[in-house]
Each structure stands twice: as C-alpha cells, then as structure tokens.
Amino acid sequence: MKYLVVFAICLVAVQALTDEQKEKLKKHRSECLAESKAVEEQVDKLKTGDFTNENEDLKKYALCLMVKSELMTKDGKFKKDVALAKVPNAADKPTVEKLIDACLANKGSTPQQNAWNYVKCYHEKDPKHSILI
C-alpha cells in the first residue's frame, strides 16, 4: 500500500486516492493558498522538495493544510492518533509511527513553524510517499 502524506504534507498513509479525495485535496490547496497568501509557484516547488523559499506565508500554508486534513490543531499540535488511524495496513503502522515521531522531534516556536518543520522532515525522510499539494 502507498502512503499519502497530506501536507500536505501530510503526512498520512492511505491507499490510492479516490476521485473524492483528490477533489478534497484540491479544495484544501485552493483554500490554503487564499488564506495563507502563499505564492503558488513557491508551493509548487515544495512538491519537488525545494524548501529553500522558507517564509511565513509558506509556513501558514503548511499549517492550513495540516489543519484542514485534521492532522494538526490550529495551535500546532500534531494528531498522531488520527494519522495512525488513517494507515490502511496495520502492519505498516509501526514504520509510519517511527517516521512521525522522528519528524515531531523538531519543534518550532509557533504553530506555523511546527507544521513547516514536520512537512519538510517527512518529505526529506520519505519523498516517495510525500505528496505536497
């Protein structure tokens, strides 16, 4: 099974995306672009692992996606139980949990920084399963 991290990150394991899930992610992307004022071209670069344009708007975008995906609270607390509940194959949960724990170790001073650190870490450790919208 493939993992999907919605961020997104985020950062969550799921089977191949359904059309409904794809539409939901597109909606989240659109809403988060508007809410965060992030530059779309910079958001697009995140998909390829280019995190060099780190700025507050991108951090707000990351938090927005995490919140809308129900993986993080607005105050930057990761919902590990929710993320693990979305892993379709129980045998994969220990691996996913280790990756989540590793990425949660780098706390930020703001909710936005927490989201950014997590999304960046997850992409660096498992770019194959990281889908940044």
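The following paragraphs examine the structure supplied in this document. (Residues numbered from 1 in each chain as written. Predicted model: local features only at pLDDT ≥ 70, side-chain atom pairs only at ≥ 80, totals over all residues. Heavy atoms only, no water.)

Considerations on the pattern of salt bridges
Right, so step 1: Summed over the entire model, instances satisfying the criterion amount to eleven salt bridges.
Right, so step 2: With a closest N to O distance of 3.0 Å, Glu-97 and Lys-80 form a salt bridge. On the criterion of sequence distance, the pair formed by Glu-97 in helix H5 (residues 93-104) and Lys-80 in helix H4 (residues 80-85) is long-range, its members being 17 residues apart.
Right, so step 3: A single salt-bridge network, built from bridges that share partners, covers Lys-27, Glu-31, Glu-35 and Lys-68. (Salt bridge = Lys/Arg side-chain N within 4 Å of Asp/Glu carboxyl O. Helix = DSSP H or I, 4+ residues; strand = E, 2+ residues; numbered from the N terminus.)

Describing the state of the cysteines
Right, so step 1: The final tally for this structure, using the stated rule, is two disulfides.
Right, so step 2: Sulfur-sulfur distance for the disulfide between Cys-32 and Cys-64 comes to 2.1 Å. Judged by the sign of its S-S torsion, about -80°, the bond between Cys-32 and Cys-64 is left-handed. In this pair, Cys-32 sits in helix H1 (residues 19-36) while Cys-64 sits in helix H3 (residues 56-68), placing the two residues 32 residues apart along the sequence.
Right, so step 3: By relative accessible area, Cys-32 is classed as buried at 0%.
Right, so step 4: Residue Cys-64 is classed as buried on the basis of its relative accessible area, which comes to 10%.
Right, so step 5: Bridging Cys-103 to Cys-121, the disulfide has an S-S length of 2.2 Å. Here the S-S torsion is close to -75°, and the disulfide linking Cys-103 with Cys-121 is therefore left-handed. Within this pair, whereas Cys-103 is found in helix H5, its partner Cys-121 is found in helix H6 (residues 111-125), the two being separated by 18 residues in sequence.
Right, so step 6: Sequence-ordered numbering of the bonded cysteines in the protein yields a pairing of 1-2, 3-4. (Disulfide = S-S within 2.5 Å. Buried < 20%, exposed > 50% of the residue type's maximum accessible area, 1.4 Å probe, protein only.)

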